[in-house]
Amino acid sequence: MSLITFSVLIPSVSTAVAQPSLARSSSQVQNRVVKIYGAGGVGGLDAYQSGFLVSPAGHVATAWSSVLDVDPIVILNDGRRFESKIVGFEPALELAVLKVDGSDLPYFEVPSGSPDAPIARWGDPVLAVSNLFNIATGNEPASVMQGRIASRSKLDARRGTFQTAYRGEVWLLDLVANNPGAAGGALVDLEGNLLGMLGKELRDRKTGVWLNYSIPSDVLRAPIGDIIAGRKSVSPVDDDPLLARDKSHNASTLGMKLIPDVLETTPVYVDALTPNGPASRADLRPDDLILLVNGRRITHQRAFRDQLRRIDRRDNVTLTIQRENEILEMTIRP
């Protein structure tokens, strides 16, 4: 696998500057990083990744991926296992917030920054803490990699260069951080302060070069706060009335057929499309997994049918879907 790295030149200084012990910095963050196990996916996608605690009540920030196709298992640093619930999801950031039933848990403050007081700068030493390659499965410590910040930049997605829905600013890292299991891990400084969330494996479509990056914590702060406070929810809404079947949407009115609904929680995978139908014109494809309908999370086909019954078939339907490891949003027009 080809990797992109950056050479960072640090100016020499005449006096030694004391830095925190790497061992102490690593141990300070271990109890705030978690291991996450879920469904995995088709095409050999991994069933594990990383996350980090962002509240004493057990809220966990992580990257949205196929691992979260079902409510995942979260394992704390001390080996305790929790069933979690997905309480919020920000598709544009590929960010999800989980909740475990805990209290008084150690957690990261998610800092904000400003042009005058940035949370980090070019060349700053950093640690990437995550469950790389599923090495830590219980109470073993997470993997720690040392490197530096190469730059802060926006992903150049204008020409579809990278396979990601994220179009914002990132820390570009001078370390090989984005490997299987790392997604959702914590990027911290040598004081143990949170600097960002490690992204998923990211490959340049044109060159095949892999990029090592992290989404800055100041970008994540507001969405995480909104999700925890309940200001941004992806929970289905039952307040909207059920419409008559001949007036509401269903899979057929959208021009799609789903995989057979044989389980109580059969996921909403697209099986086939009506040629030149509404879903086909919106570029929905077979094997796409439908995550959200009009911003509401859909966990199984019964919930999908229920939400469509609340939408007038004359109205547009906005779907957030997962295609392999990409998160995409599309509007289906009847």
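You'll find the structure just up there.
Structural notes, computed from the coordinates. Since we're looking at a predicted model, the values are computed, not measured. (Residues numbered from 1 in each chain as written. Predicted model: local features only at pLDDT ≥ 70, side-chain atom pairs only at ≥ 80, totals over all residues. Heavy atoms only, no water.)

Quick look at the pattern of salt bridges
So the rule is basically this: We define a salt bridge as a side-chain nitrogen of Lys or Arg found within 4 Å of a carboxyl oxygen belonging to Asp or Glu. Secondary structure is summarised from DSSP: a helix means a run of H or I of at least four residues, a strand means a run of E of at least two, and numbering begins at the N terminus for each. Buried residues are those whose accessible area, probed at 1.4 Å on protein chains only, stays under 20% of the maximum for their type, while exposed residues exceed 50% and partly exposed ones sit between those limits.
Throughout the structure, instances matching the rule amount to twelve salt bridges. Ionic pairing is found between Glu169 and Arg152, a salt bridge with its closest N-O pair at 2.7 Å. Highlighted residues: Glu169 in strand β10 (residues 169-173) and Arg152 in strand β9 (residues 143-154), separated in sequence by 17 residues. Here Glu169 falls in the partly exposed class, since its relative accessible area comes to 30%. Accessibility expressed as a relative area gives 32% for Arg152, which makes it partly exposed. Connected via shared salt-bridge partners are Asp283, Arg285, Asp288 and Arg323.

A word on helix α5 (residues 301-308)
One full turn of an α-helix is made of 3.6 residues, so residues set three or four places apart face in the same direction. The condition that has to hold: Directions are taken from the helix axis to each C-beta atom, and the arc is the one they span. Every residue pair with non-hydrogen atoms within 4.5 Å of one another is taken to be in contact.
For α5, the full list of buried residues reads Gln301, Ala303, Phe304, Gln307 and Leu308. All buried residues of α5 project into a common sector of 155° when viewed along the axis, lining one side. Against the buried residues of α5 lie α3 (251-254), β16 (256-258), β18 (289-293), β19 (296-297) and β20 (317-323).

Quick word on the sheet that holds strand β12 (residues 194-198)
Applicable threshold: The pairing criterion for strands is at least two bridges between them, as found by DSSP. Orientation is described by axes fitted as lines to C-alpha atoms, over the contacting stretch for helices, and by angles from 0 to 180 degrees between their N-to-C directions.
Spatially, six strands are ordered β8-β9-β10-β15-β12-β11 in a closed barrel, and the strand pairing comes out antiparallel. Averaged over all adjacent pairs, the angle separating strand axes in this sheet is 45°, with direction ignored. Bridging between β9 and β10 involves five bridges; their strand directions are antiparallel. Directly across from Lys154, in β10, lies its bridge partner Glu169. Along the sheet, helix α2 (residues 217-229) makes contact with β9, β12 and β15 (213-216), crossing β15 at roughly 50°.

Some remarks on α2
Heads up, the rule is: Under the convention used throughout, the expected extent of a helix is 1.5 Å for every residue step, that is, one less than its residue count.
The end-to-end C-alpha distance of α2 is 18 Å, a good match for the 18 Å that 13 residues give at a rise of 1.5 Å each. Among the residues of α2, Ser217, Leu220, Pro223, Ile224 and Ile227 are the ones counted as buried. On the buried face of α2, the contacting elements are β3 (59-63), β6 (85-90), β7 (95-99), β12 and β15. Just downstream of α2 lies Gly230, where phi reads positive at about 80°.

Some remarks on the environment of Val170
Counting through the fold element by element, Val170 comes out in strand β10. With relative accessibility at 1%, the residue Val170 sits in the buried group. Sequence separation of Val170 and Arg152 is 18 residues, and the distance between their C-alpha atoms is 5.7 Å. Excluding anything up to four places from it in sequence, Val170 contacts Ser151, Arg152, Ser153, Leu155, Tyr213, Ser214 and Pro216.

Some thoughts on unusual backbone geometry
Backbone geometry at Phe133 places phi at a positive 55°, although glycine is not the residue there. One can find Phe133 in the loop between β8 (125-130) and β9. The partly exposed category is assigned to Phe133, whose relative accessible area is 47%. One non-glycine residue, Asn276, lies in the positive phi region at around 60°. Under the relative-accessibility criterion, Asn276 is labelled exposed at 59%.

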